[in-house]
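Structural overview for review
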Amino acid sequence: MPSIQPLSPDRLCHACEAERFGFETTAELEDLSEAVGQMRAIDAARFGIGMRHAGYNLYVMGPAGIGKRFLVHQLLEQQVPGEAKPADWCYVNNFSQPHKPRALRLPAGMGARLQADMQQLLAELQATIPAVFEGEEYRRRLGQIDEEYEARQSRAFGKVGDDAGKRGIALLRTPNGFSFAPARGGEVMSPEAYDKLSDEEKAGIEGEVNDLQAQLEKVIRQVHQWRRERIERVRKLNEEMVLFAVGHLIDALRGDYAAFPDVTSYLSEVQEDVIVSMDAFRKPKEAPSGLAILSGEQPNFNRYLVNLLVGRDAGESAPVVYEEHPSFQNLMGRVEHISQFGALVTNFLLIKPGALHQANGGYLLLDAIKLLSQPLSWEALKRALATREIRIESLGQMYSLVSTVSLEPESMPLEVKVILLGNRRLYYLLAEFDTEFSELFKVVADFEDEVERSADNDLLYARLIGTLARREKLHPFDRGAVARAIEYCSRRAEDARKLSTHMESLSDLVREANYWAVQEGRQVVARKDVERAIQAQIARVDRLRDRTQEAIMRGILHIDTEGEKVGQINALSVFLLGDFAFAQPSRVTASTRLGEGELIDIQREAKLGGSIHSKGVMILASFLSSRHAAEQPLSLSASLVFEQTYGQVEGDSASVAELCALLSSLADVPIRQALAVTGSVDQFGRVQAIGAVNDKIEGYFDICNKRGLGGQQGVIIPAANVEHLMLRQEVVDAAAAGRFHIYAVETVDEAMELLTGLEAGVPDAEGYLPAGSINALVAERLAYLAELRRIYAMKIETRASGNDEAQNGEGGDDG
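No experiment lies behind these values; they were computed from the predicted model shown.

1. Focus: the environment of L464
For L464, the position within the fold is in helix α17 (residues 455-471). Accessibility expressed as a relative area gives 11% for L464, which makes it buried. For the pair L464 and V482, spaced 18 residues apart in sequence, the C-alpha to C-alpha distance is 9.9 Å. Not counting residues up to four positions away in its chain, the partners in contact with L464 are L32, M503 and L506.

In structure tokens, the structure reads:
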């Protein structure tokens, strides 16, 4: 009989003793300021945040819900106050190249001030310039210029007229210009009188007219020159008047921004453009027509305004930005367009910032999965970090998708620390396949999935629960509730010596336990509230588990939990549905017969077995060969299958069960169906640890409990999994009452002794196995099969020899 005894109840669950806590409720505990057991990640994150050299961006990795983002924010809150203040960034018009707006950098708060100053300047320009040109001083000086011009013109034409009069020629002014005509006595001669003149007189008059015509042409040329001079003098007068009216306004702004050369240079360009555009300011304000807008005839004074791209308060610290949707435009910025009468137009005021602009001078947090899911975002971010500048580009222009006129804003220098939040798999994929990733993200902060379970850490978790309760304005937890929550964290870690660091699940449990306490009208959350919250979480998602258990209870899925069967055993399968895992028994059967050493995995043959499961079956074949066929051929053909499974089977946690079924079939020894088995096995028969041991035990317990516990049912697990046991109280109570048993084994021989009640059998000094032992029965069966194979081979050889002799005899007779 087997000597292995069931595990004692105290080994089935590492309970947290509430009595050892020195508090009554979490209201007595101080807040927890740092994450529990994450010193490696915290040290790495602090280094990455504080390192100011290029390429030292940070990748924070760990499973979702572990609290990476919250912890990073905590560290940044400690780091940010002592850092340099961020700058304001503005875009202004580039008067020489309007399609390339200029970027201005100003201290925090100065950008909004410049924007307001330019709005005020524009208002004053629009009011002052028209008033200047309507003033008496301007009219007087303009009149002087006009009078001087008219006088010079009159004198010049008068001189020509006087000279003509002396020669008997009259200077006439007509609608078409000037002309000359002969005169007598101060009167123009009629055509009849002119015809009566002699030819000599006519020739003399024509000569005089030609001479006067030359003088007149010379005067007209002088008049055109004087007109150009007048226009130039009027222009200079206009500039002088505009400068007189608004020059002091711009000079005042230059004085205010004297410490910023780029701003003063921009103001000088504004002044020059105002002078050039003074006529536009003189026009009365009218409602713009659509044709005027499209043709560009309507004055556009927006070019004097300032686009405050990123504005900050003077006392603001370094920005910390989390971009929820890191698309290309949300990350890099964009140039928007507006529709006007069917046409898309834009200007520098429609340039919008991206997350990099907002975080410039500070920190940008991004979810790695979301970033890589957005087209072009990852490449754009790498390019910005490598060049250390932000360049706003239009996707439509980049890929020639649209022909709309767009802008090419001046790039901005980039000084930002990028922190990516992602999982480990993504980090290793990027490190392997993206050569630029390691150059740009030199620091990794790896968060622990679990921490050691100790008295100190239990107290830290109690403080953590108290902190969560106060942060969300929940009721305090008593020490019994804290103890149950710690047990929950240990169960989630699947290890009695560990605690899960999954903060999201713990926070959910705290909130839901508080809900049930409120429903009961209590001011303190008790252990039963936490237990109720845990059960409610399971009840919300266990519909499929209930359906599979119902199918087993109704006999639709055939599972034996009593009696004995040869070549049949109960393995345990785990199903993972989202965040909920449950287990159920699976019937594994094995059959053996004469063969040539092949072990058929029916799951694999049907393409329903995964690679790890196939590996486990191959290990079984190796075990049989090494133990029982080292000096003789393995003369069997065997097949293994998971009965009534219609989906993929993966993993090697059923390899012990499969091997035991195979040995049972070979030895023709029945297996106790009251016991289920889980565990993997190596080539030497050692039983190895598996995952989800608690779910597997509880899954089989539920079926046995519904059928009625008779004290024979139980589960065989690897000895290495004992320290992982965190079974629910119902299972522990049944084990304590002797109605359900948990056995821990180290070898397949121990498992077979429990399953069959027979001795496994160990070879003596001469190599002989005890008669009647399992290994002896297996060895005898394999020897018998080997002998049958030898005899069969001899018969085949004899038959083949007889056929050859017969053929040779027939050939001799023919000869």
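2. Quick look at the pattern of salt bridges
Tallied over the entire structure, the rule returns 48 salt bridges. Of the charged contacts, one joins R627 and D749 as a salt bridge, the two residues approaching to 2.9 Å between their closest N and O atoms. One end of the pair, R627, is in helix α23 (residues 611-628); the other, D749, is in helix α27 (residues 748-756), and 122 residues separate them in sequence. We classify D749 as buried; its relative accessible area is 16%.

3. Some words on empty space enclosed by the protein
Empty space among the atoms can be located by rolling a probe the size of a water molecule over them. With the rule as written, the count across this model stands at 1 cavity of 30 Å³ or more. Around the largest cavity, the lining residues are G597, E598, L599, A621, L624, L634, L636, A638 and L662. Looking at the lining of the largest cavity, the elements with two or more residues in it are β23 (598-601), α23 and β24 (636-642).

4. Observations concerning a nonpolar patch on the surface
The grouping of L594, Y784 and L788 at the surface amounts to a nonpolar patch, some 270 Å² of accessible area in total. Tracing the backbone through its elements, the reader meets L594 in strand β22 (residues 580-594).

5. Considerations on the sheet that holds strand β16 (residues 417-422)
Taken in spatial order, the 5 strands of this open sheet run β8-β13-β16-β1-β17, and their pairing is parallel. Two strands bound the open sheet, and with one partner strand each, they are β8 (320-323) and β17 (443-446). With direction set aside, neighbouring strand axes in the sheet form an average angle of 20 degrees. The sheet contacts of helix α2 (residues 68-79) involve β1 (58-61), β8, β13 (363-367) and β16, and relative to β16 the element is tilted by about 160 degrees.

6. Some points on the layout of surface pockets
The computed volume of the largest pocket comes to approximately 1600 Å³. Surrounding the largest pocket, 49 residues form its lining, Y488, R491, R492, D579 and D695 being those nearest its centre. Taken together, the elements giving at least two residues each to the lining of the largest pocket come down to α18 (479-492), α19 (503-519), α20 (527-539), β21 (568-577), β22, α25 (693-707) and α26 (729-736). If you tally residues by element for the lining of the largest pocket, the top one is α20, at 7 residues. Looking at the lining of the largest pocket, its residues break down into 19 nonpolar, 9 polar and 21 charged.

7. A few points about the sheet that holds strand β30 (residues 741-745)
Reading across from one edge, β23-β24-β22-β21-β26-β29-β30 is the order of the 7 strands in this open sheet, with mixed pairing throughout. In this open sheet, the two strands that pair with only one neighbour each are β23 and β30. With strand direction ignored, the average angle separating the axes of adjacent strands in the sheet is 30 degrees. Looking at chain direction, β23 and β24 are connected through 4 bridges and run parallel. Within β24, the position partnered with L599 by the bridge is A638. Strands β21 and β22 of the sheet are contacted by helix α21 (residues 543-553), whose axis makes an angle of about 40 degrees with β22.

8. A few points about the pairing of β22
Within β22, 11 of the 15 residues are buried, which leaves the element mostly enclosed by the surrounding structure. Taken together, the 10 bridges between β21 and β22 define a ladder with antiparallel strand orientation. The residue bridging F575 from the neighbouring strand is F582, located in β22. Two elements, β22 and β24, share 7 bridges in a ladder whose sense is antiparallel. Bridging across to β24, T592 finds its partner in A638.

9. Observations regarding the nonpolar core
Of all hydrophobic cores here, the largest spans 45 residues; its most connected members are I569, C660, I716 and L755. Residue contributions to this core peak at 9 residues, all from helix α24 (residues 655-667). Contact partners of I569, with chain neighbours within four places excluded, come to S586, R587, V588, A657, C660, A661, I671, Q673, V677 and L755. In this structure, I145, L253, V263 and I275 belong to the second largest nonpolar core, which totals 40 residues.

10. Brief notes about α26
For α26, every residue scored as buried is listed here: V731, V732, A734 and A735. Considered in projection along α26, the buried side chains sweep an arc of 160 degrees and stay on one side of the axis. α26 presents Q729 and A736 as exposed residues on the side facing more than 90 degrees away from its buried surface. Packing partners of the buried residues in α26 comprise α25. Two residues or fewer after α26 comes G738, characterised by a positive phi angle close to 80 degrees.

11. A closer look at the packing of α18 against α20
It is at 7 Å that the axes of α18 and α20 come closest, and there the two elements cross at 35 degrees. Contact residues: α18 offers G480, A481, A483, R484, A485, E487 and Y488, while α20 offers R527, V530, E531, I534 and Q537. Tallied by class, the residues present in the contact of α18 with α20 amount to 6 nonpolar, 2 polar and 4 charged.

12. Details of the environment of F95
For F95, the position within the fold is in the loop between β2 (87-92) and β3 (102-107). Through-space distance from the C-alpha of F95 to that of Y304 is 9.6 Å; in sequence the pair is 209 residues apart. Those residues within four positions of F95 in sequence are excluded, and the remaining contacts are Y266, E269, V270, D273, R303 and Y304.

13. Describing the packing of aromatic side chains
The full count for this structure, using the stated rule, is 19 aromatic pairs. Aromatic side chains W378 and F437 sit 6.3 Å apart centroid to centroid with 45 degrees between the ring planes, which places their arrangement in the tilted category. Here F437 lies in helix α16 (residues 437-440) and W378 lies in helix α13 (residues 377-387), a separation of 59 residues in the sequence. Of the two residues examined, W378 and F437, each falls in the buried class. Aromatic ring contacts, followed pair by pair, group Y59, W378, Y427, Y428, F437 and F441 into a single cluster. Between R20 and the ring centre of F21, over which it is positioned, the NZ or CZ distance is 5.4 Å. The aromatic ring of Y322 is capped on one face by R69, whose charged end is 3.5 Å from the ring centroid.

14. Side note on α2
Note: α-helices contain 3.6 residues per turn, so residues at a spacing of three or four share the same orientation. The first and last C-alpha atoms of α2 sit 17 Å apart over 12 residues, in line with the 16 Å expected at 1.5 Å per residue. Of the surrounding elements, those touching the buried residues of α2 are α1 (39-50), β1, β8, β13 and β16.

15. A look at the packing of α19 against α20
The description of two helices packed together rests on the angle between their axes and the distance between the axes. The geometry of α19 relative to α20 is characterised by a closest axis approach of 8 Å and an angle of 115 degrees between their N-to-C directions. With respect to their mutual orientation, α19 and α20 come out roughly perpendicular. Here α19 and α20 pass one another in a crossing that is right-handed. Across from D508, L509, E512, A513, W516 and A517 in α19, the residues of α20 making contact are D529, V530, R532, A533, I534, A536 and Q537. Of the residues assigned to the contact of α19 with α20, the class counts are 8 nonpolar, 1 polar and 4 charged.

Rules of the game
- Residues numbered from 1 in each chain as written.
- Predicted model: local features only at pLDDT ≥ 70, side-chain atom pairs only at ≥ 80, totals over all residues.
- Heavy atoms only, no water.
- Helix = DSSP H or I, 4+ residues; strand = E, 2+ residues; numbered from the N terminus.
- Buried < 20%, exposed > 50% of the residue type's maximum accessible area, 1.4 Å probe, protein only.
- Contact = heavy atoms within 4.5 Å.
- Salt bridge = Lys/Arg side-chain N within 4 Å of Asp/Glu carboxyl O.
- 1 Å grid on protein atoms, 1.4 Å probe; cavity = no way out; pocket = protein on both sides within 12 Å on 5 of 7 lines; lining within 4 Å.
- Points joined across faces, edges and corners; volume = space filled by probe spheres on them.
- Patch = residues over 30% accessible without salt bridge, like charges linked within 9 Å, V, L, I, M, F, W, Y side chains within 5 Å.
- Areas by Shrake-Rupley, 256 points an atom, 1.4 Å probe, with all protein chains shown as cover.
- Pairing = 2+ DSSP bridges.
- Axes fitted to C-alpha atoms, helices over the stretch in contact; angles between N-to-C directions.
- Nonpolar A, V, L, I, M, F, W, Y, C, P; charged D, E, K, R; others polar.
- Core = buried A, V, L, I, M, F, W, Y, C linked by side-chain atoms within 4.5 Å.
- Arc of directions from axis to C-beta.
- Phe/Tyr/Trp six-rings, centres within 6.5 Å; stacked < 30°, edge-to-face > 60°.
- Lys NZ or Arg CZ within 6 Å of the ring centre and 35° of its normal.
- Expected span 1.5 Å × (residues − 1).
- Parallel < 35°, antiparallel > 145°, perpendicular 65-115°, else oblique.
- Left-handed = near helix turned anticlockwise from the far one by under 90°.

In short, shape yes, function no, at least from these values alone.
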